[in-house]
Structures are given as C-alpha cells and as structure tokens.
Amino acid sequence: MAAVKQVAATIRLTVNAGGARPAPPVGPALGQYRLNLMAFCKDFNARTQKYKPDTPMSVKITAYKDNSFEFIVKTPAVSWFLKKAAGIESGSSRPGHIEASTVTVKHVYEIAKIKQTDPYLQYLSLESISKSIVATAKSMGIKVVYEL
Amino acid sequence: MSAAARCWCCCSHRHSSLFRSLHCHLQKTQVFSSSIISNRSVKPNFRSYVTNLSDGGRQRQMGIYHPVQWKKKRGRMWFSTNSSVMREREDSYVSVEIRCQKHVVDAFSEALLCFGASSASVESIQCDDDDGDEIFISLIYTIGKDVHQSIIHAVDSIGLKSTPSYKISVNKPYNWLKNVEESFHPIEVSNGLWIVPQWRSPPDPEATNIILNPGMAFGTGEHPTTLLCLLLLSDGGLLKGGESVLDYGTGSGVLGIAALKLGASSVVGVDIDPEAISSAQKNMMSNKIQANQMELYLGSRRVTTAHFLSEDDLSLIGKKGKFDVILANILLKPLIELAEEIVSYGKPGAIIGLSGILTEQLPQIQQCYSRYLERMTVSQMDGWACIVGTKKKLSCLV
C-alpha cells in the first residue's frame, strides 16, 4: 500500500497560458517550498498550449513534503470570459445601476461549454453553469440579451 | 572628460560636450530601461532614463540593454546603476502575510487572487494543531499594485466581518533562486555521461561531465524531455563524430554542450530569450568550450564580441541547409509554427529530433512534420515524447 504523501502547502497562482517563467510570481511562490521550477514551467506551458497566449489561467499546486508536487490547471475565470465577450476592460463601477455592456445567450452557452471542461465543474449540468454565468454577469453590470 | 566627445550612439558626430552626446543618444533611442538617480545639478530633461551607451548601438538594435554605472568626473551627478540593481528592481515583489480563519481560507485565497494577488500560498496544518482557529496566507503581489484595496475588495466579496491584520515586505528574488538550486543533484544520463550542477563535485571524475548552472534558463538535465534528447545523442547513434549540430531553443545550452562533448565538431545554439543566451555563455565557460566551437544566436543575430565578422556571418539565415543534426526541445505550438523554418536548416538526410511535447500532442506533430521527415521514430518517458526523423531528400523541398 502506497504511503499517503504529506502535504506541505497549497499554492494558488494566476499565470498566463504558455507564459510560465521562473521569474515572479511563479518563482518565489514555488521556490520557497523548494519545488522544481523548471519542471513546473515546462509542464504548465505544454498543457496550456491549446489556449491563446496571455489567457490568465488559474493553477492550484499541491506541494508535498518530499519536494514533489501536483497541479491542476483550471479554465480562466468567468468574469474574464465575460469581459472578453462583451469587449470591455473592466466591469461596471455601479453594477445594477450602470450597465457596462451586453452579451448574448450564445456567448453564455459558449462560455458554459468551456467551463464544463473544468475539473471541478464537470458534474454540473450545462443549464446550471449557464445560470451561474448569468448571475456573475449581473454582478458585473453586464446585461444578457435573450436573442442570438 | 574631454570637451569634444564622440557621440555614443551610432551616428558619427562629434559633440561639443558629453551632455550633448548623451542628449543626442537619448533622442534617438526610443526605449529606456532604467531610471537615473540625479541631484540638483542635473537639468530636468535629463532626469529620465538611460540605455546602454556602448557597442556602437549594436546591442540596442538587438534589444539588449545593460545599464552601466557612469560617473561624471566633475560634479556630483551620476547615472543609474549597474545591471544587478536594475534586475532587482524588475524582479522584486511584495510579499504579504495575512491571517484568517481556517474555514474561510479557500474562499479568501480565491477572492484575493481575483482582486490582484499574483499568488496565494497556504501552509498545510496538522489536524491536531492546537494553536487556535487562525491560519496564515502568504501572498505575492507585483510592485505597484495597491495591496490594501485588493484586500478590502476580497474581504467584502466573501463577507468577512472585519479586515484581518497583515504584514507587508518587499523582497528581492535571489533568496528563492538559492533555495531551488539546492535541490539539483548530479544526474547520470547514461553510462559515462553525467550532468553536474556547478556547485557540486562530479561523482565520477573520469566520465564525461557537463557542468551546468542554468540560472533562469531551462535545461537542468532533470526534465524527461532533456533526458530523451540527451539519450538520443549518447545512445541513439546520432553522433558518429564531426557533425554540425543546431540546438533550436537552447535554454541553458545543455544539449549543445553535450553534443560537443560526445563528438560533434561544431554547434549552433539559438534562443529568443536573452537570459537563455547569457546562461548558455556561462555554461560554455564552465565546460571550457571555445567560442568557435559553439556559436550562440539571439533570434537570428549572432551574440559575439568579435568585431571583424561580416553581416553574413552574423545572421543565422546564412546557415540554412548546413546542419547534420537538429535538436528542437521547445513546445507544441512553436514546433508547429516553425516547422518549415526548423527543417530548412538541415542538409537533405539530416537527422531532426523534436521534443517538449506531451504524449497526447504526438499525433499533431507527426501530422505536421510528415511532410518534411521520413522514418520517424518515437521515444517516450513519463508522459513526454520525443520524435526523431530524417529530412526528406526530395529536390522540391529546400
């Protein structure tokens, strides 16, 4: 029976797809637990090749006491997708009162399909993911237009 | 300082003073790389930026900037600082330690990441720890981010009752680099070939030892892709002696140096990262490799201190179709985009090795390169793959 590895730390990072380098933020965050930076950078860059460069990916790294590690790459945040779809740089300053931009239902569906590939969201139905995307849009001041 | 000063930029004017030559140079260079510390004796329009003033502007054309320390003899003005200080300023980061309750740790870390933190680390706690309900999160921010605002937003978004206390400090990068260096050990790639970090002594002094200090570049020799390529060179029968090798994406230069030690006659290393080139130069010196045995190119320009070389010698384009062995250990997308370019550097019948790809990415590479290569074989290690093929000899393919 294999021994359960002792977890030393959990590190959460945001790195651009294909852009992991040993410089900050990756360097200090992983270096302080003596993890092999280069192996992580190469592995991460190889796994994010299918995304456009400069897409901020969130990564959760579990570092073990024997200096080995495992990591999970998650799809970018819904708020980032919505900003790209709506063509705006930042959400509305007063959500609910000032509308920043609009997205169509088709955008929401496409975002939900990408989100369903996320390891943590695979068990959710497309409908429930779409509902949460609409809720996020509302909190950012982005209106969802119900036509294609 | 003489009153008549030669202009430091690539024009050949003679200026009436050093100030004028600097002013001429500043006007011409559009990109600046560091700030200068000046005092009251300097006019306001010079209190800005300075770039590398040496090398006749050629390094500036290549996009490499190394600010030099520069003192004026008379007066107390001095321009910015040497490159190590500049690098510190670029790579410094702000680290923040913040306390929070154990049950909100996950949500709080995610919220902090959303609102501007570059990374959030949580040390794992033993379950039977008795020191209360609180846990520390270490955050890293880039310089210039508003840490306080970010924390306030995160606290609001998860509904914490009060802002927890936190401690900010600005850190320099070198302490984490040292930590990582400690974990490198000598590796035996195959019988008689070792890769030894610079700060350790070789376990077998008689074997072929490659001394390596990768710094910030890729290629310690531990990664499966590097090992696959090194095994190709040593055991794969690629090198029979006297070949010219192209290392595309050289990183720390490990593959090029290994090729030389295993019998190649000359190596050319190419990379787009200036860090990689400087790391490769240092490794060449550690392994006592002469500049004429291994040439380094940043992009398509040669990196050299020699001044007597012609334009043809300085450009990589002139070397197309001249290499017996090509190794490209990069990533899937660059391999596919640069397929034609990489293959064009080989002679007909040259052996081309490609790595840096995951096993699931193999079919794409095979499909892309089947136009140019025949007799492709695949080797795999730990989920990573390496493809070797021979360049087709058809006359329609250059």
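For every chain, the first residue of its written sequence is number 1, and the numbers climb from 1 along that sequence. Note on labels: chains are lettered from A, ligands numbered from 1, in written order. Only residues with pLDDT of at least 70 get local features here, since the model is predicted, and only at 80 or more are side-chain atom pairs given and counted; chain-wide, interface and lining totals rely on the full set of residues. Side-chain measures here rest on the full set of heavy atoms in the structure, leaving out hydrogens and waters.

Caption draft 1: Fine view of the interface of chain B and chain A. On the side of chain A, 36 residues touch chain B, which itself brings 39 residues to the contact. By buried area we mean the combined loss of accessible area, with a 1.4 Å probe, across both parts when two parts are placed together. Between chain B and chain A, a total of about 3100 Å² is buried, with carbon and sulfur atoms accounting for 56% of that surface. When a carboxyl oxygen of Asp or Glu is within 4 Å of a side-chain nitrogen of Lys or Arg, the pair counts as a salt bridge. Our count for the contact surface shared by chain B and chain A stands at three salt bridges. Here Glu110 of chain B and Arg12 of chain A are joined by a salt bridge, their closest N and O atoms 3.0 Å apart. Helical segments are the DSSP runs of H or I of at least four residues, strand segments are the runs of E of at least two, and each set is numbered from the N terminus. Looking at the side of chain B that touches chain A, the elements with two or more residues in it are helix H4 (105–114), strand S6 (119–123), strand S7 (134–142), helix H6 (174–181), helix H11 (332–337) and strand S17 (346–358) of chain B. For the side of chain B that touches chain A, the element with the most residues is S6 of chain B, which contributes five residues. Polar here means any residue other than Ala, Val, Leu, Ile, Met, Phe, Trp, Tyr, Cys and Pro, which are nonpolar, and Asp, Glu, Lys and Arg, which are charged; Gly is therefore polar. Broken down by class, the residue content of the side of chain B that touches chain A amounts to 18 nonpolar, 13 polar and eight charged. Strand direction decides the pairing type here: strand S1 (residues 7–16) of chain A and S6 of chain B, joined by five bridges, are antiparallel. Within S6 of chain B, the residue paired with Thr10 of chain A across the bridge is Val122 of chain B. Every residue pair with non-hydrogen atoms within 4.5 Å of one another is taken to be in contact. Should DSSP find at least two bridges between two strands, the strands are taken to pair.

Caption draft 2: Looking closely at the sheet that holds S17 of chain B. Residues and elements named next belong to chain B. With respect to topology, eight strands assemble into an open sheet ordered S15-S14-S13-S12-S16-S17-S19-S18, the strand pairing being mixed. If you trace the sheet from one side to the other, it starts and ends with strand S15 (301–302) and strand S18 (373–381), each paired once. Note: S18 against strand S19 (residues 384–391), seven bridges, orientation antiparallel. Within S19, the position partnered with Glu374 by the bridge is Thr390. To obtain each axis, a line is fitted to C-alpha atoms, and for helices this fit is confined to the stretch in contact; angles are then taken between N-to-C directions over 0 to 180 degrees. Sitting on the sheet, helix H9 (residues 274–286) touches strand S13 (266–271) and strand S14 (294–298), and the angle it makes with S14 is about 165 degrees.

Caption draft 3: Quick peek at empty space enclosed by the protein. All names here are of chain B. The rule is simple: put a 1 Å grid over the protein atoms alone, call a set of points where a 1.4 Å probe fits but cannot get out a cavity, call an open set with protein on both sides within 12 Å along at least five of seven lines a pocket, and count a residue as lining if it has an atom within 4 Å of a point. Grid points are joined across faces, edges and corners, and a volume is the space filled by probe spheres set on the points. In this structure the tally under the stated criterion is five cavities of 30 Å³ or more. By volume, the second largest cavity amounts to about 70 Å³. What lines the second largest cavity is simply Phe184, His185, Ile187, Ile195, Val196, Pro197, Leu212, Pro214, Thr220 and Glu222. Broken down by element, the lining of the second largest cavity gets its largest block of residues, three residues, from strand S10 (residues 193–197). Its residues assigned to classes, the lining of the second largest cavity shows seven nonpolar, two polar and one charged.

Caption draft 4: Region of interest: the packing of aromatic side chains. Centres within 6.5 Å are what make two rings of Phe, Tyr or Trp a pair, Trp counting through its six-membered ring; a difference in plane orientation under 30 degrees is then read as stacked, over 60 as edge-to-face, and the rest as tilted. Evaluated as defined, the whole model comprises seven aromatic pairs over all chains. Look at Trp80 of chain A and Phe81 of chain A: their rings are 5.6 Å apart centre to centre, the planes differ by 70 degrees, and that puts the pair in the edge-to-face class. Classification of residues uses two cut-offs on accessible area relative to the type maximum, computed with a 1.4 Å probe and protein chains only: under 20% is buried, over 50% is exposed, and between them is partly exposed. We classify Phe81 of chain A as buried; its relative accessible area is 12%. Relative to Tyr372 of chain B, the ring of Tyr369 of chain B lies with its centre 6.5 Å away and its plane at 70 degrees, an arrangement referred to as edge-to-face. For the pair shown, Tyr369 of chain B and Tyr372 of chain B are each scored as buried. The ring of Tyr345 of chain B carries the charged tip of Lys320 of chain B above its face, separated from the ring centre by 5.1 Å. Charges are assigned to positions over rings by a cutoff of 6 Å between ring centre and Lys NZ or Arg CZ, combined with an angular limit of 35 degrees from the ring normal.

Caption draft 5: A look at H4 of chain B. Along H4 of chain B, the residues classified as buried are Val105, Phe108, Ser109, Ala111, Leu112 and Leu113 of chain B. On its buried face, H4 of chain B sits against S1 of chain A together with strand S5 (93–101), S6, S7 and helix H5 (147–158) of chain B. Just downstream of H4 of chain B, Gly116 of chain B is the residue with a positive phi angle, here 125 degrees.

Caption draft 6: Structural detail: the layout of surface pockets. Computed from the structure, the second largest pocket encloses a volume of approximately 1600 Å³. Forming the walls of the second largest pocket are 43 residues, and the residues nearest its centre are Ala77 and Ser79 of chain A together with Leu113, Cys114 and Phe115 of chain B. Mapped onto the lining of the second largest pocket, the elements with two or more residues apiece are S1, strand S2 (56–64), helix H3 (78–86) and helix H5 (126–140) of chain A together with H4 of chain B. Looking at the lining of the second largest pocket element by element, the count peaks at five residues for H5 of chain A. When its residues are assigned to classes, the lining of the second largest pocket shows 21 nonpolar, 15 polar and seven charged.

Caption draft 7: Looking closely at the pairing of strand S16 (residues 323–329) of chain B. All names here are of chain B. Extensive coverage of S16 is indicated by the burial of six of its seven residues. As paired elements, strand S12 (residues 244–248) and S16 share four bridges and run parallel to each other. Counterpart to Val245 in the pairing with S16 is Val325. The pairing of S16 with S17 spans six bridges and is classified as parallel. By the bridge assignment, Leu327 is partnered in S17 with Gly353.

Caption draft 8: How the structure looks around the environment of Glu206 of chain B. Residues and elements named next belong to chain B. Mapped onto the elements, Glu206 comes out in the loop between S10 and strand S11 (208–212). For Glu206, a relative accessible area of 76% translates into the label exposed. Between the C-alpha atoms of Glu206 and Gly192, which are 14 residues apart in sequence, the distance is 8.2 Å.

Caption draft 9: Representation of the pattern of salt bridges. For the structure on display, the rule yields eight salt bridges over all chains. Measuring nitrogen to oxygen at the nearest pair gives 3.9 Å for the salt bridge that ties Lys131 of chain A to Glu127 of chain A. Of this pair, Lys131 of chain A and Glu127 of chain A both sit in helix H5, four residues apart, which is roughly one turn of that helix. When sorted by exposure, Lys131 of chain A lands in the same class as Glu127 of chain A, which is exposed. Across the pair Asp324 of chain B and Lys347 of chain B runs a salt bridge, and its minimum N-O distance is 2.9 Å. Separated by 23 residues along the polypeptide, Asp324 of chain B in strand S16 and Lys347 of chain B in strand S17 bring together distant segments of the chain. Classification of Asp324 of chain B as partly exposed rests on a relative accessible area of 22%. What emerges from the salt-bridge pattern is a single network uniting Arg12 and Lys74 of chain A together with Asp106 and Glu110 of chain B.

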